[in-house]
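# Coordinate analysis (summary)
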Amino acid sequence: MAQYARVATFEMDDASLDALIERIRSEERPEGVPAKRLTILADRAAGRVLVAARFDSEEDLRTGSAALDGMEPPDVGSRRRVSVDAYEVVLEREF
């Protein structure tokens, strides 16, 4: 069964990134976001962050995207969403 990923790219300072990480660690999965996995990749030196959420279906992706688009980020630091893209996961391999 195909899976799908929503990848949001942000410009974000350290304070905003740390607040986001703390919020995600301390809260349950948000209602309306049927994501199965969340990965955050950060280039702190460049101030860029990728947030990738994995979904089991295109319908879950659409539902989760709508909920995520309506969420307010923590009111700490500086951040700007640069882009949001959706992908089909075609390969994942562990070594």
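The rules we used
Residues numbered from 1 in each chain as written. Predicted model: local features only at pLDDT ≥ 70, side-chain atom pairs only at ≥ 80, totals over all residues. Heavy atoms only, no water. Helix = DSSP H or I, 4+ residues; strand = E, 2+ residues; numbered from the N terminus. Rg over C-alpha atoms; globule rule 2.2 N^0.38 Å. Buried < 20%, exposed > 50% of the residue type's maximum accessible area, 1.4 Å probe, protein only. Contact = heavy atoms within 4.5 Å. Areas by Shrake-Rupley, 256 points an atom, 1.4 Å probe, with all protein chains shown as cover. Lys, Arg positive; Asp, Glu negative; His and termini not counted. Charge placed at Lys NZ, Arg CZ, Asp CG, Glu CD. Salt bridge = Lys/Arg side-chain N within 4 Å of Asp/Glu carboxyl O. Pairing = 2+ DSSP bridges. Axes fitted to C-alpha atoms, helices over the stretch in contact; angles between N-to-C directions.

## Describing the overall build of the protein chain
- The number of helices and strands found in the protein chain is 2 helices and 4 strands.
- Scanning the protein chain from its N terminus toward the C terminus, one meets helices and strands in the order β-α-β-β-α-β.
- The C-alpha atoms of the protein chain give a radius of gyration of 13 Å, which matches the 12 Å a tight globule of 95 residues would have.
- Oriented by its inertia axes, the alpha-carbon framework of the protein chain measures out at about 40 × 30 × 25 Å.
- When each of the 95 residues of the protein chain is scored for burial, the buried share is 25%.
- For the protein chain, the share of sequence-separated contacts (at least 6 apart) that also reach a separation of at least 24 residues comes to 76%.
- Accessible area for the protein chain stands at about 6,700 Å²; split by element, carbon and sulfur atoms hold 48% of it.
- For the protein chain, the distance from the average position of its 14 positive side-chain charges to the average position of its 20 negative side-chain charges is 2 Å.

## Examining the pattern of salt bridges
- Overall, the coordinates contain 9 salt bridges when judged by the stated rule.
- Put simply, Glu 92 and Arg 37 hold a salt bridge, and the shortest N to O gap is 3.4 Å. Placement of the pair is Glu 92 in the segment after strand 4 (79-89) and Arg 37 in strand 2 (residues 37-43), with a sequence separation of 55 residues.
- Relative accessible area serves as the criterion here: at 44%, Arg 37 is assigned to the partly exposed category.
- For Glu 92, the salt bridge is made with Arg 54, and the minimal N-O distance between the two is 2.8 Å.

## Let's talk about the sheet that holds strand 1 (residues 3-12)
- Pairing in this open sheet of 4 strands is antiparallel, and the strands run 2-3-1-4 from one edge to the other. Strands at the two margins of the open sheet, each flanked by one partner only, are strand 2 and strand 4. Averaged over all pairs of adjacent strands, the angle between their axes in this sheet comes to 15°, without regard to strand direction.
- Both strand 1 and strand 4 contribute to a ladder of 10 bridges, which runs antiparallel. Directly across from Phe 10, in strand 4, lies its bridge partner Arg 81.
- Along the sheet, helix 1 (residues 14-26) makes contact with strand 1, strand 2, strand 3 (48-55) and strand 4, crossing strand 2 at roughly 165°.
- Contacting strand 1, strand 3 and strand 4, helix 2 (residues 58-69) runs over the sheet at an angle of about 25° to strand 1.

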